[in-house]
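Structural overview for review
Chain by chain, the residues:
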Amino acid sequence: MDLSIVVPMFNEEASLPLLHAAIVEAVAPLGVAYEILFVDDGSTDGTFGAACSLAATDTHLRVVRLRRNVGQTPAMAAGIDHALGKTIVTLDADLQNDPADIPRLLDVLEEGNDMVCGWRERRKDPFFSRRLPSIVANRLIAAVTGVPIRDNGCTLKAFRADLMRSVPLYSEMHRFLPAMAMPEGARIAQIPVRHHPRRFGRSKYGIERMFKVLFDLLTIRAAVSASRPFSRFAKAATAAALPGLLSLGWGFRVAASLPGASVLVPFACASLFFSLSFFLLVCGALCELIHSKHAGRVPAVAGSGAVPPAQARPGVAL
Amino acid sequence: MRERAAGLSVVVPVSGFFGDLEALHAAYRAAMPDETVIEFVYVLDGDLPEAMRALSRLREAGEPLRIVKLARPFGGPVPLSIGIRRSTGERVLVLPCRPEIDPAGIPSLLRALDGADVAAVRCRPVPGGAWRRFRFHIFHSLAARLLGYDLADIGVGVLAFRRTVVEELLLYGDRHRFLPFLAFRHGFRVVPVVLRSGAEPRPAPVRGEASGFRALLDLLAVFFLLRFTKRPLRFFGPIGAGLFGAGFALSVWLAGQKLFLGVRLADRPLLLLGVLLIVLGVQVVALGLIGEIVVYTHARDIKEYAVEEIVG
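Below is a short write-up of the structure. Computed from a predicted structure; not experimentally measured.

Our focus in this paragraph is the overall build of chain A. A count of helices and strands for chain A gives ten helices and seven strands. Each of the 318 residues in chain A was classed as buried or not, and the buried ones make up 52%. Only carbon and sulfur atoms are counted for the fraction: they give 63% of the accessible area of chain A, which is about 13700 Å².

Under the criterion given, the structure shown has 25 salt bridges over all chains. Among the ionic pairs, A:Asp40 bridges to A:Arg65, the shortest N-O distance being 3.7 Å. With A:Asp40 in strand S2 (residues 34–40) and A:Arg65 in strand S3 (residues 61–66), the pair connects residues that are 25 residues apart, well separated along the chain. Note on A:Asp40: relative accessible area 1%, which makes it buried. Between A:Arg65 and B:Glu308 there is a salt bridge, with the nearest N and O atoms lying 3.6 Å from each other. Here A:Arg65, found in strand S3, pairs with B:Glu308, found in strand S8 (residues 307–311), and the two come from separate chains. By sharing partners, the salt bridges in this structure join A:Glu172, A:Asp216, B:Arg231, B:Arg234 and B:Glu292 into a single network.

Okay, the pairing of S3(A) next. Counting buried positions along S3(A) yields five of six residues, so the element is predominantly enclosed. Pairing of S2(A) with S3(A) involves five bridges; the strand directions are parallel. Across the sheet, A:Asp40 pairs through a bridge with A:Arg65, a residue of S3(A). Once the chain exits S2(A) it traverses helix H2 (residues 47–57) of chain A before rejoining the sheet at S3(A), and the crossover so formed is right-handed. Bridge count between S3(A) and S8(B): four bridges; the pairing is antiparallel. If you follow A:Leu66 over to S8(B), its bridge partner there is B:Val307.

Let's shift gears to the layout of surface pockets. In this model, the second largest pocket occupies a volume close to 540 Å³. Taken together, 19 residues make up the lining of the second largest pocket; nearest its centre are A:Leu218, A:Ala236, B:Val282, B:Val285 and B:Leu289. Ranked by the residues each element gives to the lining of the second largest pocket, the list is headed by helix H8 (residues 209–223) of chain A, at six residues. Looking at the lining of the second largest pocket residue by residue, the class counts come to 14 nonpolar, two polar and three charged.

With that settled, consider the packing of helix H1 (residues 16–27) of chain A against H2(A). When two helices pack together, their arrangement is captured by the angle between the axes and the distance separating the axes. Residues and elements named next belong to chain A. Relative orientation of the contacting elements H1 and H2 amounts to 35°, with a least axis distance of 10 Å. In terms of crossing hand, the pair formed by H1 and H2 is right-handed. Only Thr 47, Ala 50, Ala 51 and Leu 54 of H2 make contact with H1, whose side of the interface consists of Leu 16, Pro 17 and His 20. Of the residues in the contact of H1 with H2, the class split is five nonpolar, two polar and no charged.

The next point concerns the sheet that holds S8(B). Pairing in this open sheet of eight strands is mixed, and the strands run S7(A)-S5(A)-S6(A)-S4(A)-S1(A)-S2(A)-S3(A)-S8(B) from one edge to the other. The sheet is open, and its two edges are formed by strand S7 (188–193) of chain A together with S8 of chain B, each paired on a single side. For this sheet, the mean angle separating the axes of adjacent strands, direction not counted, is 20°. Judged from the four bridges that link them, strand S1 (residues 3–9) of chain A and strand S4 (residues 87–90) of chain A form a sheet pairing that is parallel. Within S4(A), the residue paired with A:Ser4 across the bridge is A:Ile88.

Calculation notes
- Residues numbered from 1 in each chain as written.
- Chains lettered and ligands numbered in written order.
- Predicted model: local features only at pLDDT ≥ 70, side-chain atom pairs only at ≥ 80, totals over all residues.
- Heavy atoms only, no water.
- Helix = DSSP H or I, 4+ residues; strand = E, 2+ residues; numbered from the N terminus.
- Buried < 20%, exposed > 50% of the residue type's maximum accessible area, 1.4 Å probe, protein only.
- Areas by Shrake-Rupley, 256 points an atom, 1.4 Å probe, with all protein chains shown as cover.
- Salt bridge = Lys/Arg side-chain N within 4 Å of Asp/Glu carboxyl O.
- Pairing = 2+ DSSP bridges.
- Right-handed = clockwise from strand over helix to strand, strands pointing away.
- 1 Å grid on protein atoms, 1.4 Å probe; cavity = no way out; pocket = protein on both sides within 12 Å on 5 of 7 lines; lining within 4 Å.
- Points joined across faces, edges and corners; volume = space filled by probe spheres on them.
- Nonpolar A, V, L, I, M, F, W, Y, C, P; charged D, E, K, R; others polar.
- Axes fitted to C-alpha atoms, helices over the stretch in contact; angles between N-to-C directions.
- Left-handed = near helix turned anticlockwise from the far one by under 90°.
- Contact = heavy atoms within 4.5 Å.

See the structure below:
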C-alpha cells in the first residue's frame, strides 16, 4: 500500500458522499495503491451508516468506528495506527479542505520532504471568531517552538507514515504536529491549499481553546523543543534567583543605612526566591531523568535515509 | 487444562463479616436463570475456617463452585480482583457475601447485561440509620458533581459487567468501586438497575462509603483519572497561574505604595505573602509541567481511543 487518506469525522453525515467522491477523483488518477480510512469518532448521527454504505461500493474505503467521541487528535491517531500506506494524508471531513490538493502535497513530499503542511490561502471563515485567534495562535506557536508553520490549524497534511509513528499524538496535540516532528529530524515543507466555506453542519471549535493553547505551548516548550529539559529549568531557576539576590542586596542596604531597623521582610523574600530557584533545579533534574528514557529510544527517522544523519536526533548516552 | 468458559461467573469475595454462606448460596442459586452455564467463585480473604467448611459442604453437594483462598488477609479490593481474574465467564456478576441485596433482583441485573456492558447498581432504600443515609447522600452528590454524572452507588457490593470491560479498563486499587463511571467514560453501554436492599445491610465500615476519608480520597483520585491524566497542566496550570497572579498583583500594589506614597516596604509583612504566592504559583505550574512531560514521554504507548468495529 502506497497511500492512506485518513479522515477523522464527527457527525458529518451530509458531507460524506461528496467527500468520498472528491477524494476518489483526486487520488485514483495517480495510479498508486491507495486506501481511504474514515475514522468515525463516535458520531451520533448517521455518519457510520453512510460511511458503511459507501464502503460497500468502494473496496478502497475502510471505516474505523470508535466506541465513543474522543476528539480530533485521538481519532487521527486511530486512523494513523490503522493506516497501511507508506504515505499518509490527513484531511478534514467537513469539505473545507479540497481533496484536489492531495496530488500537489504528494508531489512536494516526493521532493525529499518528510512532511508537507497545507496552509489555507484565503480562508473562508469569520474573521473575528476564527481567523484572528488563529493568526495570533500561529504567530505564538511559531515564536515559541521555533518552527515557522503558517497554519497549524489546517488538517490537510501529507507525511511519511514511519515519521508519525515516532511522534506522540494525544489530547489536542495535532495542532503541534510539525513542532513535535521537528526534533525527530523531519524536513517540513508548506504549500498553500484551497479553502472552502462550510457547507454542512457547524464548526466544532470555539474561541476558548486559546487558553488551552497557551498551556499546551508551555508543555511543548518544556517537553519537545528542548533537547535537554534541564537547561530550560536551569534558566528558570536563574531567573528566580535574580529577585532573590536583589532582595538580599536590599536587606543589606536597609541594615547598613538604618541600624536597628527590621530586615526580616527583605531577607525572608530572598530566602523564598532562593528556595524557588532550588525547587526548579530539582524539577529540572527530575525531568532530565524522565526525558532520558524517552530520548534513549531510537528515533524512527534516523534510519530511513531520507534525512541526513547529522539532522537526525542523536541517541543520548548515559 | 482450563475448563470450558462458563457463560456466567458469579464472584463472591468473602472477608470479615460474612453471613450464612450456605443459605446465601442457595438464595443466589435459586435466583439464577436455569439455562446459563454458571460458575461460582468464592474468594476467601485469608484463613476463614468457618467459611471454608460451609463452602466445602456445598462443593461436596455438587454445587459448581470454586474456592480461592488467599494466603493471608489482603483486605480491600484484592479478593475481588483475584476473583474476577480467576473466573472465566463472559459475563461477571459480583455479589456480596452477606444478604445485602434481595436476590430476587438478580434476574433483572442479568437482563440488563443483555443489551449493555455494565449494569450500574443502586440499592434502595439506602441502608442504615439517618446519619449514615445523610453521609451517603452527601458523598454521592459530591461524586455526581465531580465525576460529571450520577450513575450508581459507589462501593455497593454488587457489580455486573461483561468481561471485555475489565479487559480494557485498567482496574487497580479500589477502582472497581467506580467501574460504572470508568466504563461509561470509555464508551461502554451502561444501564441503571435498582435493587432492593436485603435483610442485612452492611454493618461495620469494612468497605464502601462508610470509611469516609478514604472513600473521599478515592473519589478525588478517580476525578483526576477521568479529567486530567492526559493533561495535568490543564489542572495545575490555572491553579498556579491564579496563585501567581494574586501574588504578583499584591506585590505590585505594595511596590506602588512604596513608589508613590513612600511607605517603607521593609516594614510590610504583606510583601512576604505576595512573594510566597508568586513562589507557590511557579511551583504548582512546574509540577504540572513535570506531569505533562511524563505523559508526553509515555504518550506513544497510550491509546486514547477504543475501536468498536472496522468495516471494509
